Amino acid sequence: MWRLARAGRAHFAVPCSGHEAIGVGYALALEPGVDWVSPHYRDLAALLVLGMEPRDVMLCFFSRPSDPNARGRQPYAHFGSRRLHVLSQQGPQPNHCSHGVGCAWGSKLLGDGSVSVIAFGDGGAQKGEVHESMNVAAIHQLPCVFVVHRNGWTQSVKRSDQYATETLVARAAGYGIPGISVDGTDVEAMYAAASEAVRRARGGGGPTLIDAQCVRFMPNTSNDDDSRYRDRAEVDALRATGDPLVRARALVDGAFAARVDTENEAIAAEAAEWAEAQPLGDPASVLEHAYA
Amino acid sequence: MRELSVIEAVREALGDEMARDERVILLGEDIGKLGGVFRATEGLFDRFGAERVVDMPMAETVIAGVTVGLAMRGMRPVAEIQFADFIHASMDHLVGEAAKIRWRTGGDWSCPMVLRTAYGGGFRGGPYHSQSVEAFYAHAPGLKVVAPSTPADAKGLLLAAIRDPDPVLVLEHKRTYRAIRGSVPEGDYVVPIGKASIAREGRDATVLAYGMMLHESLAAAETLAAEGIDVEVVDLRTLLPLDRETILASLAKTRRLCVVHEDTVTMGLGAELCALAAEADVLDVPPVRVAMPDIPGIPVDDNLEDAVLPNRATIRDALVHLVARERTRAGVAARAYDPGIPQASSLIEVALSPEHTRVALDALVSAARAVPRCNATFAWTGIVEHEDVVVDLDLGPASPAAGRGTITLVDYGPDGSDLAIPFVRPGQTAAVRIGAVRNGRAYVACAVDHRAVDGADAGRFLAAFKSAAEQKRATPSLDRRATIPMSP
């Protein structure tokens, strides 16, 4: 997707390299089709685990009207699927926090035992939206899990210009809820942390904050040039220890990993080729689902 | 039928709907045991419990945000923002999220939420407890914005809002809460969103108003009725989407528009309503707006607040001015001539007796029937050919506008000059001028609006006029104003 966007064949790419284990970890801890997700925009991995089809991802990437996420009306990474219980996502980060809290509140009122995961970045975590959302979730002991992708960057602004603490987990105590600090590049640790939090939420124990540290290996988006504000060599040097794919590869047989890579590359290539060939929108359709 | 105040009607609607639909929950500041600062939720905490009548932290962003989430999840949340002045902390969720959710997902998701808030001044609340905020939110496609004025509408619109599949902002004028009482039907009913109502019928001018200003406008209309001015007052009820049909039907009847709102004037709702009227070309005179001056807030001082809020006296004065506009000489002159109309003219000599008014009128009708394109009016949307010939002998500068004729006949009688080219008036297509009759003959000149009629047609028209006039057939009877069909 990165290469296709840079080649001008799609409008916008959001790389998730370095963030994959967080999404995979929490998605595996959920019950697909039962639990609800307000994902971070780097949570493509979570969506694939939850059942989003590669072709649908690519329809979203090419902004085609047949994209079930955003119907050609929002750029890539603004995910949403009623079928998959993924709340429709928006541009201003992280407004979906309170939506996720409202969704969890609905679960509590309806008594259906479902849990909501609300994921956002450490940049977004500086907004009052997150404070207000965690406060309300804590007051009403709502069945939700807050997951912060802490990569230390808010587009071009480094961590120390965004918040004065090294980590964010201490904030949980401020709301009277449990906080878990986890290495978000370790898929097994992430899965364990998420499972604990989801179990607590489902059991009526209220919300948890998971502070998942990770590395953003790529620029913020395809519109970003991170060489202007950080040393790429330093970032690349973290691949060996901080790339969740590298780390996960060490957990499995090398031949198996190579086969998975080959299969997935073929699936992605087929989906991209197919999606790019799908028609663009009919201008007359722009008024559909509008009124007034 | 029993009478309720607006606040009692709101309370009844909330309670009835909570009893009818268990998905309805209320969220807001101080709405629980206190019953809301205006008591809209009084008794509901005891009746439905803390789980469905939820006191929220003093944080308007999250009140709106969780309301969005609850709605997406399938609940029917009704949030209260205590004062409209505090609503802008919710704006990102209302305008950026709720309004867009259906559209941005192609209908996969929807956001059936209601946000109620109390707006408006008139009770010494100062700049942060008095504002009108409708213009900000009525500018957000995807939202629906309602502003009831009466107890019956307060209940019916709120019930419609809660059942609506999309987000609705309900603006309740806080001065109506207790000041306005009225009949409210028992039981379940809805007032459809998007429908205005005619609060008072009239023919001389239309007032578009809502909220407390509806009542001030009605009071002004009553005063004016005693002065012989008959004002129609339209209660907009829904501000987005506007009921263009009802608004334009009223304006087509009265042809004069006065918009009244408490919100400040520049970029206010009045601007949109005036634009709507202008685009539909339904006004005879420029519209007026009665609104707050462009000051950042409403002052608390008694004299200052009274000076800036519109009221029945300022509305009355504006209406008197509006209705008088057409009666002034300057206003009529400005409409009677339009130098922008390109004119073409033709000339013919006709055998006429000195007394020829009836003959000339008969000839004019004959000529119009023979060359119908001369009995047509140019409009930017196309040329309109008329089915009747309208004859109006109330000559003078005002005759075209008042008489609706399409052809003016100018005849100064035997003492006039031999030849002059008349001027086509706005709304007409031709003007015919008969010169002085000398030795049984007169020059007849015809000017046409060249956008509607070409020179050859004008010539044919005059030839037909000459032919008919020289047969000396007289119109049998002649009223000062007559409408004659184009087909004999």
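Residues numbered from 1 in each chain as written. Chains lettered and ligands numbered in written order. Predicted model: local features only at pLDDT ≥ 70, side-chain atom pairs only at ≥ 80, totals over all residues. Heavy atoms only, no water.

Colleague: Got a minute to help me understand the overall build of chain A in this structure?
Modeller: Helix and strand content of chain A: twelve helices and seven strands. In summary, chain A has a C-alpha radius of gyration of 19 Å against a globular reference of 19 Å for 292 residues, a match within 12%. Seen through its principal axes, chain A has C-alpha atoms that stretch 55 × 50 × 40 Å. Among the 292 residues that make up chain A, the fraction classed as buried is 52%. Considering only intrachain contacts with a sequence separation of at least 6, the fraction spanning at least 24 residues in chain A is 70%. A total of about 12,200 Å² of accessible surface is found on chain A, and carbon and sulfur atoms cover 55% of it. (Helix = DSSP H or I, 4+ residues; strand = E, 2+ residues; numbered from the N terminus. Rg over C-alpha atoms; globule rule 2.2 N^0.38 Å. Buried < 20%, exposed > 50% of the residue type's maximum accessible area, 1.4 Å probe, protein only. Contact = heavy atoms within 4.5 Å. Areas by Shrake-Rupley, 256 points an atom, 1.4 Å probe, with all protein chains shown as cover.)

Colleague: Before we go on, may I ask you to explain the packing of aromatic side chains in this structure?
Modeller: The description of an aromatic ring pair uses the distance of the two centres, along with the angle that the planes make with each other. This model, assessed by the stated rule, comprises nine aromatic pairs over all chains. Centre to centre, the rings of Phe61(A) and Phe62(A) are 5.0 Å apart; their planes meet at 65°, and the pair counts as edge-to-face. With respect to class, Phe61(A) is no different from Phe62(A); both count as buried. Above the ring of Trp109(B), the side-chain terminus of Arg82(A) is found at 4.4 Å from the ring centroid. (Phe/Tyr/Trp six-rings, centres within 6.5 Å; stacked < 30°, edge-to-face > 60°. Lys NZ or Arg CZ within 6 Å of the ring centre and 35° of its normal.)

Colleague: I would appreciate a short explanation of the sheet that holds strand β11 (residues 231-235) of chain B in the present structure.
Modeller: Strand pairing in a sheet relies on backbone hydrogen bonds. The paired strands run either parallel or antiparallel. All names here are of chain B. Spatially, the five strands line up as an open sheet ordered β9-β11-β10-β13-β14, and their pairing is mixed. For this open sheet the edge positions go to β9 (197-200) and β14 (288-292), each flanked by a neighbour on one side alone. Going from strand to strand, the sheet's axes swing by 25° on average, the running direction of each strand aside. Here strand β10 (residues 205-209) runs beside strand β13 (residues 257-264); their pairing, made up of three bridges, is parallel. In the strand pairing of β13, Leu-208 is matched with Val-259. Taken strand by strand, helix α8 (residues 212-226) contacts β9, β10, β11 and β13, and its axis lies near 170° from that of β11. (Pairing = 2+ DSSP bridges. Axes fitted to C-alpha atoms, helices over the stretch in contact; angles between N-to-C directions.)

Colleague: Sorry, what's going on with α8(B) here?
Modeller: Since one α-helical turn is 3.6 residues long, residues separated by three or four positions face the same way. If you check α8(B), its first and last C-alpha atoms are 22 Å apart, about what 15 residues at 1.5 Å a residue would give, namely 21 Å. Just beyond α8(B), the residue with positive phi is Gly228(B), at close to 90°. (Expected span 1.5 Å × (residues − 1).)

Colleague: I'm lost on the interface of chain A and chain B in this one. Help?
Modeller: Often the size quoted for an interface is simply the accessible area lost on bringing the parts together. On the chain B side, the residues contacting the 43 residues of chain A number 38 residues. In total, chain A and chain B occlude about 3,300 Å² of area from one another, counting both sides; carbon and sulfur atoms represent 62% of this. Here Asp112(A) makes a salt bridge to Arg73(B), at a shortest N to O gap of 2.6 Å. Linking chain A to chain B there are 17 residue pairs in polar contact (both at pLDDT 80 or more). Taken together, the elements giving at least two residues each to the side of chain A that touches chain B come down to α5 (96-110) and α6 (128-139) of chain A. Among the elements that line the side of chain A that touches chain B, the one with the most residues is α5(A), at ten residues. (Buried area = accessible area lost by both parts, 1.4 Å probe. Salt bridge = Lys/Arg side-chain N within 4 Å of Asp/Glu carboxyl O. Polar contact = N/O pair within 3.5 Å; in protein donor to acceptor, adjacent residues only side chain to side chain.)

Colleague: Whenever I open this one, the environment of Ala70(A) confuses me. Can you help?
Modeller: Locating Ala70(A) in the fold gives a position in the loop between α4 (54-61) and α5. For the pair Ala70(A) and Lys158(A), spaced 88 residues apart in sequence, the C-alpha separation works out to 31 Å. The contacts of Ala70(A), once residues within four sequence positions are left out, are His78(A) and Arg104(B).

Colleague: Would you mind showing me how to read the side chain of Glu80(B) here?
Modeller: Residues and elements named next belong to chain B. When you line up the elements, Glu-80 lands in strand β4 (residues 76-81). On the basis of relative accessible area, Glu-80 is assigned to the buried category, the value being 5%. There is a polar contact of 2.8 Å between the side chain of Glu-80 and the side chain of Arg-116. Non-local contacts of Glu-80, meaning those with residues more than four positions away in its chain, are made with Leu-27, Gly-28, Glu-29, Ile-31, Gly-36, Ala-40, Thr-41 and Arg-116.

Colleague: Please clarify how the pattern of salt bridges should be interpreted in this entry.
Modeller: Opposite charge on two side chains permits pairing when their charged atoms draw close. All names here are of chain B. Per the stated rule, a full pass over the model turns up 52 salt bridges over all chains. For Glu-80, the salt bridge goes to Arg-116, with nearest N and O atoms at 2.8 Å. Placement of Glu-80 in strand β4 and of Arg-116 in strand β5 (residues 114-119) is noted, with a sequence separation of 36 residues between them. Grouping residues by exposure puts Glu-80 and Arg-116 together as buried. In this structure, Glu-227 engages Arg-316 in a salt bridge whose closest nitrogen and oxygen atoms are separated by 2.9 Å. Of this pair, Glu-227 sits in the loop between α8 and β11 while Arg-316 sits in helix α12 (residues 312-325), and the two are 89 residues apart along the sequence.

Colleague: I'm lost on unusual backbone geometry in this one. Help?
Modeller: Most peptide bonds are trans, and most residues other than glycine sit at a negative phi. All names here are of chain A. At the junction of Gln-93 and Pro-94, the peptide bond is cis and its omega measures out at -15° in the coordinates. The residue Pro-94 is located in the loop between α4 and α5 in this model. Unlike most non-glycine residues, Gln-155 shows phi in positive territory, near 50°. Within the secondary structure layout, Gln-155 lies in the loop between β4 (153-154) and β5 (157-158). Residue classification places Gln-155 among the partly exposed positions, given a relative accessible area of 39%.

Colleague: Can you help me understand the sheet that holds strand β12 (residues 238-240) of chain B in this one?
Modeller: Residues and elements named next belong to chain B. In space, the seven strands of this open sheet follow the order β3-β2-β4-β5-β7-β6-β12, with mixed pairing throughout. The strands lining the two open edges of the sheet, one partner per strand, are β3 (53-55) and β12. The sheet shows a mean angle of 20° between the axes of neighbouring strands, taken without regard to direction. Two elements, strand β2 (residues 24-28) and β3, share three bridges in a ladder whose sense is parallel. Each bridged residue has a counterpart across the sheet, and for Gly-28 the counterpart in β3 is Asp-55.

Colleague: Help me understand a nonpolar patch on the surface in this model?
Modeller: Residues and elements named next belong to chain B. A contiguous nonpolar surface patch, about 370 Å² in accessible area, is contributed by Leu-347, Leu-419, Ile-421 and Tyr-443. As for its placement among the helices and strands, Leu-347 is situated in strand β15 (residues 343-351). Since its relative accessible area comes to 44%, Leu-347 is described here as partly exposed. (Patch = residues over 30% accessible without salt bridge, like charges linked within 9 Å, V, L, I, M, F, W, Y side chains within 5 Å.)

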